[in-house]
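# Summary of the model geometry
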Amino acid sequence: MSETIRDSHARRYRILGDALAVAVYLFLLAPILVTIPMAFGSTNALSFPPTSYSLDLFRIFFSSPSWLEPLFQSIEVALGATMVVMLTGVPAGYWIARHEFVGKALITGIIMSPIVIPTVVTGLGLYLYFSYLRINSTTLSLVLGHVAYTLPYVILMIMAGVHKLDRNLEFGAELMGAGLIRMFLTVVVPQLVPSLVSAALFAFLLSFDEVIISWFLTGSNTVTLPVRMFSALEWEVSPVIAAVSTFLTAVSLVVCIVAIRLKKWTPVDA
Amino acid sequence: MSDDPVLGSRIAHTIALKGISKMFGSVTALHATDLSVEKGEFLTLLGPSGSGKTTLLNLIAGAIGPTTGAILLDGRDITTMPPRERGIGMVFQNYALMPHMTVFENVAYPLRVRREPAKTIQVKVTAALDRVGLRGFGDRKPRQLSGGQQQRVGIARCIVYSPAIIMMDEPLGALDKNLREQMQGEIKRLHRELGTTVIYVTHDQEEALNMSDRICLMNGGQIAQLGTPDELYFRPRSRFVAEFIGESNLFSGRMNSDGRIVIAEAQLIAGPDNRWTEGTEVLVMVRPERVKIGHADGFAKGHTNVLNGEVTSTSFIGGMTRVTVKADNGLNISAKMVSGHAETRPELGARVRLCWSSSDVVVVGN
Amino acid sequence: MSPAVLIAVAIVLPPLLRIIYTSVHGPALSLTSYAEVVKSNLFRETLRTTFIIAGSASVLSLLLGFIVALHLARQPAQRRTALMVLVLLPFWTSILVKCFAFTIILGRDGIINSLLSWIFDTRIQLPLVLNRIGTLVGMTNYLIPLIVLPVLASLLAIDSTIYRAASIMGAKPARIFWTVTVPMSLPGVFAGLLSIFVMSLGTFIIPALLGGRRDQMLSNLVDFYNRQVLDWAKASSISIVLFGIAAAFIIPLILWRRRKA
């Protein structure tokens, strides 16, 4: 005897729904499913599935300066942007979450605006502003541009983390005599560790993958990996891009896995 | 005032509120209020939610600033002083322990903030944990403790730095009934031993009656009555107080020339009370447990305030049984009697006779 | 800590002010570049294309995303978490990787055309990329994960006892879907649709790499004036117009969400 009652009508709908869903999942994963095998293909053909397998494309990627230099530039920019955005965004997010001040709605609106403003607009604005400051085409301008771009996401994540904390802990610490900075470092920061780590990871990945703002801000000496890839795709589609794509996907995958694991992780049981 | 060899000598402090009030936008959370708490006193702020007791507590702690008025600690104005400089301790309803610190580190926190030497911290924290019966729990994380144990940590963290005033915001609110009563005893003992001035917030009247030197009963952002538990229970000064604390039969009547009060045409005798003149409308209270209940032909002559009636409901609530009687003169009166077996309780519809002594009639007000 | 807030404003605000300044500061302080932009055929054509592409890509993504969200909502919690990876992984995948993959999949000698040639045993070279189809495929792939999350949230918010009640009262699955699932998830669907629409108004990479030369969107026009024509006043004016259009759609959404909260 079956445990559940069979309803052939409902079952037919379920099977149809499952089939459609599988098709959409396949469509979503298609880019990854195509690029990864190709990355292990041969160096002279863009065919799928590859006729022979090798690590040649990765060897080209990791040995040619025209790809390696953008890779290091991207790492440098992403690390710098993550550092600056955390140093600014964490205290700012805490302050916005916990305090009322004059013009709060306006100020948070301005800080959050890069989320809704089309990225091209932000990119052009940063380009014009940095031209005015005469720091265009420098690594600094890229770092600052990425900070402006990632800041709202970091602040939102920190605010969400702070809202989950018990306000009495902070007030209690203050009553017991702790100053603001001491309280922040000993009470707020330790409890926020999961939010801090995921915000930093997210900021790093956003910056590392960012194309549009970098497209406006890079000079010939500060080309980032995504910009290098974008201009490569604009002109010729070479097989080595499959290896670069696989590398970018692997970075995303690592960040994705860490972020999912972090959700289950709490500072208390660690 | 009392001494502890480790936690140090406690000099009890006073706190006084002068015309303090608080508005949130256009809503008045607390009307202008005067209140002073004596040295070593255990004062309870009691009241329903929204009565202003938490606002009052937050004003004293410095979590919010007052709209008008001043707060004096030992006569010194601390109205605008930031919380960390006030030297006040607080025990929170949800414990507010740092989840990332051990019990020891939690209790040591206020001492570390004060840059006390490691040796002193070790000694004081151990003494404070001893006091609350948590010797040997120092290495645990708060989450590994029961609710009662967590609140003991909260109390230890508060007494360890000898704050001038200890405030407790419904500290037992999250505990179940038995544990709550046990903890009430422990907090009372600690207060007796340490002699610190305590301001305690609760909405549980039994807790307030049991623990307090004085109770400040709040309602609608104002003090409804301030006094000892006895005063609030036996001499309530308004309908709100009479109804909020304990159960009560409330009647409205009129003062007679000879000190009697006429209620619904029945002559009731109240104790001598010269506050009101003849003809004044007054509100009168009789506590149900002071109403004697007997057979319809019971009670010898000479009893005052005798009424006949019919039982309309009985409820068995443990040690006591509540009996509601509709008197022949139309009054609904509830009486409480010590519970016996089912057969000894009056049946529904039974004819009974009620009486109470004139000294149990309290004139609440007019 | 409040200085951090000020630093944040100092990083974000000046570029916005600069772009407004540039848009009115051509040869002289005026709105001429706006007037010229609005009058130009190129701009009007691009504006129309932008709306058509953004609208159709959003609706397409909603349909496909709804299928996925329904499927996820039906799974037991544990399996749902596992299946979510299939949505989150594309969400985290670089847009460039997707564009590269779709040139391979949709190209003249790409995977689909090879497959069709093999099936019909003739050489088939359907133009699937560097045109409207390529743009729509790329954008749909990019937008689906973004709409699955809000729609799933609103599906999961539906009290499951309502489904039980409806089916006890005799409703068949199709009726339950149209009378319970759809109306009750509508707020989430609407909010999600509006936000992916606004997001697609500003897409730049996908039309640049997968779209045809004559099928560019406003973002590409901004880049064109900035990089090819070097007319920053026009580039800025178009940016401000694009920003204004996005704001006109997003501000009601924000206000609506705030009123609901």
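Okay, so let's go over this structure. (Residues numbered from 1 in each chain as written. Chains lettered and ligands numbered in written order. Predicted model: local features only at pLDDT ≥ 70, side-chain atom pairs only at ≥ 80, totals over all residues. Heavy atoms only, no water.)

As a further point, take the sheet that holds strand 21 (residues 351-355) of chain B. All names here are of chain B. Read from one edge to the other, the open sheet built from 5 strands follows the order 17-21-18-19-20, with strand pairing classed as antiparallel. Both edges of this open sheet fall to strand 17 (292-295) and strand 20 (332-338), since each of them pairs with a single strand only. Neighbouring strand axes in the sheet, compared pairwise and without regard to direction, differ in orientation by 45° on average. Looking at chain direction, strand 18 (residues 306-316) and strand 21 are connected through 5 bridges and run antiparallel. By the bridge assignment, glycine 309 is partnered in strand 21 with valine 352. (Pairing = 2+ DSSP bridges. Helix = DSSP H or I, 4+ residues; strand = E, 2+ residues; numbered from the N terminus. Axes fitted to C-alpha atoms, helices over the stretch in contact; angles between N-to-C directions.)

All names here are of chain B. If you walk through the whole model with that rule in mind, you get 4 cavities of 30 Å³ or more. Taken as a whole, the largest cavity holds about 80 Å³ of empty space. Surrounding the largest cavity, Ile155, Ile159, Ile166, Met168, Ile187, Leu190, His191, Leu194, Thr196 and Val198 form its lining. Secondary structure elements with two or more residues in the lining of the largest cavity: helix 5 (147-159), strand 9 (165-169) and helix 6 (177-194). At 4 residues, helix 6 tops the list of elements feeding residues into the lining of the largest cavity. The residue makeup of the lining of the largest cavity, split by class, is 8 nonpolar, 2 polar and no charged. (1 Å grid on protein atoms, 1.4 Å probe; cavity = no way out; pocket = protein on both sides within 12 Å on 5 of 7 lines; lining within 4 Å. Points joined across faces, edges and corners; volume = space filled by probe spheres on them. Nonpolar A, V, L, I, M, F, W, Y, C, P; charged D, E, K, R; others polar.)

Residues and elements named next belong to chain B. Overall, mixed pairing links the 6 strands, which are arranged 8-9-10-5-11-12 in an open sheet. Two strands close off the open sheet at either side, each with one partner strand: strand 8 (88-91) and strand 12 (222-227). Here the strands of the sheet are splayed against their neighbours by 20° on average, with no regard to which way each runs. Here strand 5 (residues 42-46) pairs with strand 11 (residues 214-219) via 4 bridges, running parallel. When the sheet's bridge partners are listed, threonine 44 is paired in strand 11 with isoleucine 215. The sheet contacts of helix 5 involve strand 8 and strand 9, and relative to strand 8 the element is tilted by about 180°. (Contact = heavy atoms within 4.5 Å.)

So, about the interface of chain C and chain A. When the parts of a complex come together, some accessible area is lost, and that lost area is often taken as the interface size. Listed by partner, the interface residues are 70 residues for chain C and 74 residues for chain A. The junction of chain C with chain A conceals about 6500 Å² of combined surface from both sides, 84% of it contributed by carbon and sulfur atoms. Viewed at the interface, chain A and chain C are joined by 1 salt bridge. A salt bridge links arginine 74 of chain C to aspartate 18 of chain A; the shortest N-O distance between them is 2.5 Å. Counting across the interface, chain C meets chain A through 7 residue pairs in polar contact (both at pLDDT 80 or more). Of the residues assigned to the side of chain C that touches chain A, the class counts are 51 nonpolar, 13 polar and 6 charged. (Buried area = accessible area lost by both parts, 1.4 Å probe. Salt bridge = Lys/Arg side-chain N within 4 Å of Asp/Glu carboxyl O. Polar contact = N/O pair within 3.5 Å; in protein donor to acceptor, adjacent residues only side chain to side chain.)

A rise of 1.5 Å per residue sets the reference length of helix 3 (residues 65-98) of chain A, with its 34 residues, at 50 Å; its end C-alpha atoms lie 48 Å apart and thus fit the reference within 8%. The largest bend along helix 3 of chain A measures about 25° and falls at methionine 86 of chain A. (Expected span 1.5 Å × (residues − 1). Bend = angle between axes of the 7 residues up to and from the residue.)

Attention now goes to helix 4 (residues 118-131) of chain B. Residues and elements named next belong to chain B. Taking 1.5 Å of rise per residue, 14 residues should cover 20 Å, and helix 4 covers 20 Å from first to last C-alpha, within 8% of that figure. By the burial criterion, the buried members of helix 4 are Ile121, Lys124, Val125, Ala127, Ala128, Leu129 and Arg131. Positioned one or two residues after helix 4, glycine 133 has a phi angle of 75°, which is positive. (Buried < 20%, exposed > 50% of the residue type's maximum accessible area, 1.4 Å probe, protein only.)

A word on the pattern of salt bridges. Between side chains of opposite charge, a pair can form when the charged atoms approach closely. In the structure shown here, the tally under the stated rule is 27 salt bridges over all chains. Two residues, arginine 214 of chain B and glutamate 41 of chain B, come together in a salt bridge whose shortest N-O distance is 2.4 Å. Residue arginine 214 of chain B is found in strand 11, and its partner glutamate 41 of chain B is found in the loop between strand 4 (27-37) and strand 5; the two are separated by 173 residues along the sequence. With respect to burial, arginine 214 of chain B and glutamate 41 of chain B carry one shared label: buried. Aspartate 215 of chain C is the partner of arginine 132 of chain C in a salt bridge, and the nearest nitrogen-oxygen pair spans 2.7 Å. One end of the pair, arginine 132 of chain C, is in helix 7 (residues 132-156); the other, aspartate 215 of chain C, is in the loop between helix 10 (205-210) and helix 11 (218-229), with 83 residues separating them in the sequence. Exposure remark for aspartate 215 of chain C: the relative accessible area of 9% places this residue in the buried category. Salt bridges linked by common partners bring Arg131, Arg152, Glu186, Arg189 and Glu193 of chain B together as one network.

On their own, these measurements won't tell you what the molecule is for.
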